[in-house]
Amino acid sequence: MSLQVLILAVSAACCLGFGFVLQQNAAQRAPLNDFLSPRLLLDLMKVPRWLGGLGLMVAGMALGAVALGQGEISLVEPLLATNLLFAMALSRHQTKQPLGSQGWAGLALLAGGVTAFIMAGQPTGGAAITDPMRHWLIIGVMVGAALLLTTYAKRSRLSSGPALLAVAAGLLYGVQDALTRVSGQRFSEGGFVELMTGWQPYAVLVLGVTGLVLVQSAFETASLRMSLPALTAAQPLAGIACGVGFLGDQLRTDPGALAWESAGLAAIVVGIVLLGLHPAMPSGAPVRERAGALQPSRLS
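Each chain carries its own residue numbering, running from 1 in the written order of its sequence. A pLDDT threshold of at least 70 governs which residues receive local features in this predicted model, and a stricter bar of 80 or more applies before side-chain atom pairs are shown or counted, although totals over entire chains, interfaces and linings include all residues. Heavy atoms throughout the structure, all of them, feed into the side-chain values; hydrogens and water do not.

**Here's the deal with the pattern of salt bridges**
At step 1: We define a salt bridge as a contact between a side-chain nitrogen of Lys or Arg and a carboxyl oxygen of Asp or Glu at a distance within 4 Å. Counted according to the given criterion, the structure contains four salt bridges.
At step 2: Ionic pairing is found between Arg 186 and Glu 194, a salt bridge with its closest N-O pair at 3.4 Å.
At step 3: The classification of residues rests on relative accessible area computed with a 1.4 Å probe and restricted to protein chains. Under 20% of the type maximum is buried, over 50% is exposed, and intermediate values are partly exposed. Note on Glu 194: relative accessible area 30%, which makes it partly exposed.
At step 4: One salt bridge connects Arg 252 with Asp 254, and the closest N-O pair in it is separated by 3.3 Å.

**Thoughts on the side chain of Asp 249**
At step 1: Under the DSSP-based scheme used, a helix requires at least four consecutive residues in state H or I and a strand at least two consecutive residues in state E, with every element numbered from the N terminus. On the secondary structure map, Asp 249 appears in the loop between α10 (224-245) and α11 (255-276).
At step 2: Residue contacts are defined here by distance: any two heavy atoms, one from each residue, within 4.5 Å place the two residues in contact. With near-sequence residues (within four places) excluded, Asp 249 lies in contact with Glu 72, Ile 73, Ser 74, Thr 124, Arg 181, Gly 243 and Val 244.

**Comments concerning the environment of Phe 20**
At step 1: Note on placement: Phe 20 falls in helix α1 (residues 3-27).
At step 2: What makes Phe 20 buried here is its relative accessible area of 3%.
At step 3: Residues Phe 20 and Leu 54 lie 34 residues apart in sequence; the distance between their C-alpha atoms is 8.0 Å.
At step 4: Ignoring anything within four residues of it in the chain, the contact list for Phe 20 reads Met 57, Asn 83, Phe 219, Leu 224, Leu 228 and Leu 231.

**A look at a nonpolar patch on the surface**
At step 1: Where nonpolar side chains cluster on the molecular surface, the patch consists of Phe 187, Phe 192, Met 196 and Tyr 202 and spans about 420 Å² of accessible area.
At step 2: The leading source of residues in the nonpolar patch is helix α8 (residues 161-196), at three residues.
At step 3: For Met 196, a relative accessible area of 30% gives the class partly exposed. Two distance rules govern patches: like charges are joined within 9 Å, and nonpolar side chains (Val, Leu, Ile, Met, Phe, Trp, Tyr) within 5 Å, applied only to residues with over 30% relative accessible area and no salt bridge. We get accessible surface area from the Shrake-Rupley algorithm with a probe of 1.4 Å; when it comes to residues, only the shown protein chains can shield them.

Here it is in structure tokens:
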């Protein structure tokens, strides 16, 4: 694994983790009638803390895009999942909660799972699949699943809704990462003209904005414990599926490697859940405090 890719991916994870916490600090007090509406973003833009979190998130996505341009998506995505470690660090600073056995177990499982998956799978690049049907099939499954989850989340916004929205956003972000890599390849091959004549950069923009609305709606209606673990777990799984499915990423497939890869992914998911449910993660503001409009002075 390239040291440069490692540094870029971990730096991206750091920015994303810090950014998610700051965004949720602000979004948890947004009025509930902004749920799943682009108006939510317009309201949140008045809040300095949310803007700071958004800036960190954009920086993280930019660093992640550079990492994706230099490394396989099946390598970069597990490293991006470590954003929860940085989110936990900032949340722990805010809440003053000790890690305890649950926190240390979550840290060990997440870090160990990422290491096990990368060491066992040894992701390498290969020739991208040229069959467009395979591209659209995989992308369609991911986007269709996100649409179904979002539809159901509307009916259960204060129960399972936030977790469903976070999973939906994670699926979209995983596809966005894959298309970001394709866009980077088009730019390196033919420059700006080649990039802008393809549909991928426009899809990246649409997926990014849609995912942002879903994430902020999840942050708005529940604590970080309910939303961030689902988001963090879904994104790398979707990204790896796209990488292996049509970007040409190759993983070792002998029985021993597959066993360790599966164990690594399982450890990542369990570690994410343990960290996400940790008491250090902020709990949301009571619903009654979010019945009115946003008050920037209280949130900044």
